[in-house]
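# Summary of structural features
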Amino acid sequence: MSDDQEGCYLCKEYLRDAVSIPCGHIFCSVCLKTYWDHADGTGTYLCPQCRVTYTKRPTPRRIGGSRQSTLSRNSEAFPPPPPSPDYNMAGPQDVGCDICIGKKHKAVKSCLMCLASYCERHLKPHFESATFKRHKLVDEIGHLDRQICPQHQKGLELFCRTDQMCICVLCTVKEHKGHDMVSAEQERADEQQRLGATQAEIQEKIHDRLKQMDELKQAVDSLKSSAQRALQECEKMFGDMLRSIERMQQEMSKLISSNKRAALNSADGHLERLTHEIADLKRRDNEITALSRTEDHIHFIQSFHMLIAQTDAEELPTVAVNPYFNFGPVTKAVSEMKQHLNEFSNEELVKVAKSVNKMTFCQLEDSKTKRKSIMKSDEAAVYRTLPVQEPQHRDEFLKYAIQLTLDPDTAYRQLYLSRGNRKATLKRDPQSYGDHPARFDSLPQVLCMEPLSGGAYYWEFDWSGEGAAIGVTYKGIKRIGYGDGSRIGYNRKSWSLFCTDASYSARHSKDQLEISAPYSSRIGVFLDHAGGTLSFYTIGDTMSLIHRFKASFTEPVYPGLWVWYDSAVTLLQM
């Protein structure tokens, strides 16, 4: 959504009788009504734009105030109201009905006997006429031409294991006579198990690659810190030495910097490689998931062998990380140089260089090398970086508890603050707030007064109503307009968790993740500003993680709230 949205996401025309829903998106009243009328039978309502789920149909709110004034300035240029969209017509990504003439309706089923796809109206004869009683219907598919034998123009029903291809009944008479043949259903059932094993293997590889990437990133951070400390200590000790050792100081600085640069260059290359491999594995995992769910046996068999062949032929190397790679030996050697200045020479400088160069930061290991490394595990210990652990129990979280207060100077004019500026409720009537440049003028949001930076913090809030969000933002978030630049969680300056009675939605910049987790009216928030994590938990007998953001916070952040009509959010005292 742009900062000055004037178009409806559904009809792509100017907004007419604009209304907003709990997640904050705006549509034409008639477009939203038509869209949700189609969902009345399912009992589940989605935002057409961000796909947030509601278990009951929300009541849209008409847009007023400053936005209505902006739209009224352009009212003379508005075209006539657009027609109600027909969501049953086939779009570019849909399978169209083969019987419809002109603009086609969406196909709901495909017949493997007729080799055609039908909309709801043209599908009726298959249910009502005995002629079509033995026809096999499946979910709509768009490649029916692949179901026909190119030689005999008959439907493909069998699989020839001798020639590894799908055939029709007439193929058994001559071309494949005497061959080992089974039905397509039988072949699919036999190979389904192998496909599942292949998918499990790919998922395990994804897990391993993600783990290696996390280890490598942590090792890089440790490497940078170690290099920085080594440079500082060496410079301090060299500053106490005489001019006669200035040359050795320069050589030592070059040694540290070159090794740091070489190690980081190596790490960057491996990170890029891991990223590409993970993306490729995820893509193939999605292809296998889609293939395992298809009802089209022929499509399954024809696609199966290619996916299996790709997986069997691939053997990914492992990135081995030494998390204890550091410049400690350099610092130790320089200290010895300071104590025994008269004994040092160029030979000592070479000795220091060798002690650093022989340490490997990270490298690729093929499967053979990896197996040898496992066999030698009794001879050499394998070190791995341990992840930073967040608290597990509420008592541990409470050690980081802080008391937050809502800032009236940032509150939207219809937000009513109470309980010592710890509770925010969205009212229909504006409150008597004075003008302030920090105030959100169009969105029901408010920030806390306390900036959080450098350490770990924990706070809790309670929410009720149709929808609310909690998050953190940099001070520079926009305060004017309805656009994404002003919404907490919709831009690079903020992170948020949106709550409804049916689901949660984690939001940052252009990324949005729908989360299925048990409903909870009380949420705990843990911020590790230095460690770069923001975590949300449901609070009960145990703390259950809803979502964790990973980010590099470059400045202090302010906790903030977003509140919908008939909803309220309360910051709890601990």
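The structure presented is a predicted model; accordingly, all values stated were derived computationally and were not measured.

### Re the pairing of strand β25 (residues 557-563)
Across the 7 residues of β25, 7 count as buried, placing the element largely inside the fold. Residues V557, P559, L561 and V563 line one face of β25 and the alternating positions Y558, G560 and W562 line the opposite face, and both faces are buried. Pairing geometry for strand β16 (residues 445-447) and β25, over 3 bridges, is antiparallel. Counterpart to Q445 in the pairing with β25 is W562.

### Structural notes on the confidence of the model for the chain
Keep in mind that low pLDDT regions are not for reading the predicted coordinates in detail. Of the residues in the chain, 82% reach a pLDDT of 70 or more, and the chain-wide mean stands at 80. The least confident element of the chain is helix α2 (residues 65-72), whose mean pLDDT is 43; the most confident is β16, at 96. Segment residues 65-79: pLDDT under 50, and 19 contacts once partners within four positions in sequence are set aside and those in other chains are kept.

### Regarding the sheet that holds strand β5 (residues 61-62)
Reading across from one edge, β2-β1-β5 is the order of the 3 strands in this open sheet, with antiparallel pairing throughout. Looking at strand neighbours, the two that pair on one side only are β2 (26-28) and β5, the edges of this open sheet. Bridging between strand β1 (residues 18-20) and β2 involves 3 bridges; their strand directions are antiparallel. Counterpart to S20 in the pairing with β2 is I26.

### Observations concerning the sheet that holds strand β10 (residues 165-167)
Adjacent strands of a sheet pair through backbone hydrogen bonds, lying either parallel or antiparallel. Sheet architecture is open: 3 strands sit in the order β10-β9-β11, paired in antiparallel fashion. On the outer flanks of this sheet lie β10 and β11 (181-183), each paired with one strand and no other. Adjacent strand axes in the sheet meet at a mean angle of 35° when their direction is disregarded. By the bridge criterion, 3 bridges tie strand β9 (residues 158-160) to β10 in an arrangement that is antiparallel. Residue pairing for β10: F159 is matched across the bridge by C166.

### Quick look at the environment of R57
The topology assignment puts R57 in the loop between β4 (53-54) and β5. Of the residues examined, R57 reaches a relative accessible area of 31% and is grouped as partly exposed. C-alpha separation for the pair R57 and T44, spaced 13 residues apart in sequence, amounts to 7.8 Å. With near-sequence residues (within four places) excluded, R57 lies in contact with K33, W36, D37, D40 and Y45. From its side chain, R57 meets the backbone oxygen of K33 in a polar contact 3.5 Å long. Within the structure, the side chain of R57 is placed 3.0 Å from the side chain of D37, a separation counted as a polar contact.

### Describing the packing of aromatic side chains
Within the structure shown, the criterion is met by 13 aromatic pairs. Geometrically, the ring pair formed by F397 and Y458 is tilted, given 5.1 Å between the ring centres and 40° between the ring planes. Placement of F397 in helix α10 (residues 394-397) and of Y458 in strand β17 (residues 456-464) is noted, with a sequence separation of 61 residues between them. By relative accessible area, F397 is classed as buried at 0%. Judged by centre distance (5.9 Å) and plane angle (70°), the ring pair of W463 and Y519 falls under edge-to-face. Of this pair, W463 sits in strand β17 while Y519 sits in the loop between β21 (511-515) and β22 (522-528), and the two are 56 residues apart along the sequence. Among the aromatic residues, those joined into a cluster by ring pairs are F397, Y400, Y458, F526 and Y537. R188 extends its terminal NZ or CZ atom over the ring of F300, reaching a point 4.3 Å from the ring centre. Positioned above the aromatic ring of Y490 is the side chain of R487, whose terminal nitrogen or guanidinium carbon lies 5.7 Å from the ring centre.

### What about unusual backbone geometry?
A positive phi angle is found at R51, which is not glycine, with a value near 65°. Counting through the fold element by element, R51 comes out in the loop between β3 (45-46) and β4.

### Some thoughts on helix α1 (residues 29-37)
Burial in α1 covers these residues: C31, L32, T34, Y35 and W36. Looking at the buried residues of α1, the elements they touch are β1, β2 and β3.

### Remarks on the nonpolar core
If you look at the biggest cluster of nonpolar residues, it comprises 70 residues, and the most contacted ones within it are W459, L534 and F536. Here this core takes 5 residues from strand β18 (residues 468-474), the largest share from any one element. Apart from residues no more than four positions distant in its own chain, F536 is found in contact with I470, L497, I523, G524, V525, S544, L545, I546, H547 and F549. Core analysis: the next-biggest nonpolar cluster, separate from the first, contains 24 residues, M237, A267, L274 and I278 among them.

### As for empty space enclosed by the protein
Counted by the stated rule, this structure contains 1 cavity of 30 Å³ or more. In this structure, the largest cavity encloses a volume near 60 Å³. Looking at the largest cavity, the residues that line it are C23, Q445, A469, R487, I488, Y490, S496, F498, R507 and W562. Class assignment of the residues belonging to the lining of the largest cavity gives a composition of 6 nonpolar, 2 polar and 2 charged.

### So, the pattern of salt bridges
It is possible for side chains of opposite charge to pair when their charged atoms get near one another. With the rule as written, the count across this model stands at 14 salt bridges. Taking the shortest distance from any N to any O, the salt bridge between E201 and K205 comes out at 3.6 Å. One end of the pair, E201, and the other, K205, are both in helix α4 (residues 184-239), 4 residues apart, so they sit about a helical turn from each other. Take E201: its relative accessible area is 35%, and that puts it in the partly exposed class.

### As for the state of the cysteines
For the structure shown, the criterion picks out 0 disulfides. Here C23 stays free of any disulfide, with the sulfur of C47 as its closest cysteine sulfur at 3.4 Å. Its sulfur unpaired, C168 is 3.5 Å from the next cysteine sulfur, which belongs to C171. According to the relative accessible area criterion, C168 is buried, its value standing at 0%.

Thresholds, definitions, all that
- Residues numbered from 1 in each chain as written.
- Predicted model: local features only at pLDDT ≥ 70, side-chain atom pairs only at ≥ 80, totals over all residues.
- Heavy atoms only, no water.
- Buried < 20%, exposed > 50% of the residue type's maximum accessible area, 1.4 Å probe, protein only.
- Helix = DSSP H or I, 4+ residues; strand = E, 2+ residues; numbered from the N terminus.
- Pairing = 2+ DSSP bridges.
- pLDDT = per-residue confidence, 0-100.
- Contact = heavy atoms within 4.5 Å.
- Axes fitted to C-alpha atoms, helices over the stretch in contact; angles between N-to-C directions.
- Polar contact = N/O pair within 3.5 Å; in protein donor to acceptor, adjacent residues only side chain to side chain.
- Phe/Tyr/Trp six-rings, centres within 6.5 Å; stacked < 30°, edge-to-face > 60°.
- Lys NZ or Arg CZ within 6 Å of the ring centre and 35° of its normal.
- Core = buried A, V, L, I, M, F, W, Y, C linked by side-chain atoms within 4.5 Å.
- 1 Å grid on protein atoms, 1.4 Å probe; cavity = no way out; pocket = protein on both sides within 12 Å on 5 of 7 lines; lining within 4 Å.
- Points joined across faces, edges and corners; volume = space filled by probe spheres on them.
- Nonpolar A, V, L, I, M, F, W, Y, C, P; charged D, E, K, R; others polar.
- Salt bridge = Lys/Arg side-chain N within 4 Å of Asp/Glu carboxyl O.
- Disulfide = S-S within 2.5 Å.

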